[in-house]
Amino acid sequence: MKKAIYIVVTIAILAILVIWLALNKREVEEKVYRFDNKQEVLVTVDTVKLKDLSAEKRYSGTFEPNREVKVMADLPGKVIRMNADLGDYLHTGTVIAQLDNELLKLQLEAIQVQIAGYEKDVDRYRILVKAEAIQAIQLEKSELALQSALVQQKTLKEQISRTTINAPFNGIVTQKFTEVGAVVAMSMPIIQLTDISSLKLNLTIPESDLRNFQIGQQLSVRSDIYPDLFFPGKVVMVGSRGDASHNFIVQIKIVNTGDRLLKAGMFGWVTVTKGHHQSLPTIPVEALFGSSLHQQVYVVEQGKVTVRDIEVAFQNTKFSAVSAGLQTGEIVVTSGFINLKNGSNVKYK
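Cut-offs used in this document
Residues numbered from 1 in each chain as written. Predicted model: local features only at pLDDT ≥ 70, side-chain atom pairs only at ≥ 80, totals over all residues. Heavy atoms only, no water. Helix = DSSP H or I, 4+ residues; strand = E, 2+ residues; numbered from the N terminus. Buried < 20%, exposed > 50% of the residue type's maximum accessible area, 1.4 Å probe, protein only. Contact = heavy atoms within 4.5 Å. Areas by Shrake-Rupley, 256 points an atom, 1.4 Å probe, with all protein chains shown as cover. Phe/Tyr/Trp six-rings, centres within 6.5 Å; stacked < 30°, edge-to-face > 60°. Salt bridge = Lys/Arg side-chain N within 4 Å of Asp/Glu carboxyl O. Pairing = 2+ DSSP bridges.

*Asks:* Account for the overall build of the protein chain, naming residues and giving values.
*Replies:* Broken down by element type, the protein chain carries 3 helices and 22 strands. Every one of the 349 residues in the protein chain was classed for burial, and the buried ones make up 31%. Within the protein chain, contacts between residues separated by at least 24 positions form 73% of all contacts whose residues are at least 6 apart in sequence. Within the structure as shown, the protein chain displays about 22000 Å² of accessible surface, and the carbon and sulfur contribution to it stands at 55%.

*Asks:* I'd like a rundown of the packing of aromatic side chains, residues and numbers included.
*Replies:* Evaluation of the coordinates by the stated rule reveals 4 aromatic pairs. Considering the side-chain rings of Tyr298 and Phe337, the 5.8 Å spacing of their centres and the 35° angle between planes classify their relative orientation as tilted. Residue Tyr298 is located in strand β18 (residues 295–301), and its partner Phe337 is located in the loop between β21 (331–335) and β22 (346–347); the two are separated by 39 residues in the primary sequence. Using a relative accessible area of 25% as the deciding quantity, one classes Phe337 as partly exposed.

*Asks:* Can you explain unusual backbone geometry? Please cite residues and give values.
*Replies:* With glycine set apart, most residues show a phi of negative sign, and most peptide bonds adopt trans. With phi around 70°, Ser187 is a residue other than glycine that occupies positive phi space. Mapped onto the elements of the fold, Ser187 is located in the loop between β10 (183–184) and β11 (189–206). Positioned with a positive phi, His246 is a non-glycine residue whose angle comes to about 65°. Turning to its location among the elements, His246 is positioned in the loop between β13 (226–238) and β14 (247–255).

*Asks:* A description of the pattern of salt bridges should follow, citing residues and the corresponding values.
*Replies:* Taken as a whole and judged by the stated rule, the model has 10 salt bridges. One salt bridge connects Arg67 with Asp195, and the closest N-O pair in it is separated by 3.3 Å. Placement of the pair is Arg67 in strand β4 (residues 55–72) and Asp195 in strand β11, with a sequence separation of 128 residues. The class for Arg67 is partly exposed, based on a relative accessible area of 38%. In this structure, the salt-bridge partner of Glu143 is Arg126, at a minimum N-O distance of 3.5 Å. Taken together, the positions of Glu143 in helix α3 (residues 136–162) and Arg126 in helix α2 (residues 102–130) put the pair 17 residues apart, joining distant regions of the chain. Under the relative-accessibility criterion, Glu143 is labelled partly exposed at 26%. A relative accessible area of 45% places Arg126 in the partly exposed class. Linked by salt bridges that have partners in common, Asp85, Lys176 and Glu179 make up one network.

*Asks:* Tell me about the environment of Val322, residues and numbers included.
*Replies:* For Val322, the position within the fold is in strand β20 (residues 319–324). Residue Val322 is classed as buried on the basis of its relative accessible area of 2%. Measuring from C-alpha to C-alpha, the distance between Val322 and Leu50 comes to 9.7 Å, with 272 residues separating the pair along the chain. The contact partners of Val322, leaving out residues within four places of it in the chain, are Leu280, Pro281, Ile283, Ile310, Glu311 and Val312.

*Asks:* I'd like a description of the sheet that holds strand β7 (residues 95–99), backed by residues and values.
*Replies:* If you walk across this open sheet you meet the 4 strands as β8-β7-β5-β10, and the pairing is antiparallel. At either margin of the open sheet sits one strand with a lone partner, and together these are β8 (164–166) and β10.

*Asks:* Before we move on, can you summarise the environment of Ala84 with the specific residues and values?
*Replies:* Structurally, Ala84 can be placed in the loop between β5 (77–82) and β6 (89–90). Its relative accessible area of 3% is what places Ala84 among the buried residues. It is 9.6 Å that separates the C-alpha atoms of Ala84 and Ile172, two residues lying 88 residues apart in sequence.

Structure, rendered in structure tokens:
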């Protein structure tokens, strides 16, 4: 009897649980939102207008000197004269510094004495060889000694000439590394010489804009410090290898004539006209969806939206110029895409 009671109670409890779960499921299902396909979706729209989106884009960079070298000593020695100071403008061949060369001059005098002796020996031995008074080998040894002494003479003269350090090209002294009285070693820099008669503006250009620059292209270069002046420039290099961020170096050469107003290290910039010099159907960029290779818009026609494939010719931060797929006067959706699909009913203000 007790067993039968337990079974009945268990069945009753299970029945109550099933009924409770069923009621809860119905309540949850009633609370779940189901979109009605026939319901109108509230969207924001814009009208396709005819606009010219050609625009100028600014690219900034830094001016680099045409040439810049550290003028070094070819020989070790003590600086006995210095003819260059910071900011001096030096012409090609101007003496920058003079190293002490007295020992080299003394060595040159000594070798010249030897050469004079060898020359007399050679003259004397030639007479004796002709008279067969000595063997020809003695004359040959004297001639070889004379040739060796002449080579040493040339070497010393070259070393003496290199103790005078000259400017290799026209430029301005932008650094000075030594003074009179200092002893310099071989290949030690004396000054840094910078040529700013022409400058190179180095620009870092993103991959997407690289097509705006070509070798030989003429551009007007400007500087923040001289905003009203234009400096004619020419593109001399377009980078062939980008960095990790897909940026490329573009180099523009500028002739810095006159008072050399531009300085190495200054900021400069150019503007390049981008886009099409013609009016095209234009829409806000917010109207686009899809991928960069397959761009689409929702076009509103008689209260419904239709997905339309389009081709974008040019785009800035606000608008897209459409070359195919849209006509002026058509209406496109710019916001409210969440519940939209092809054929959805829409309403808008």
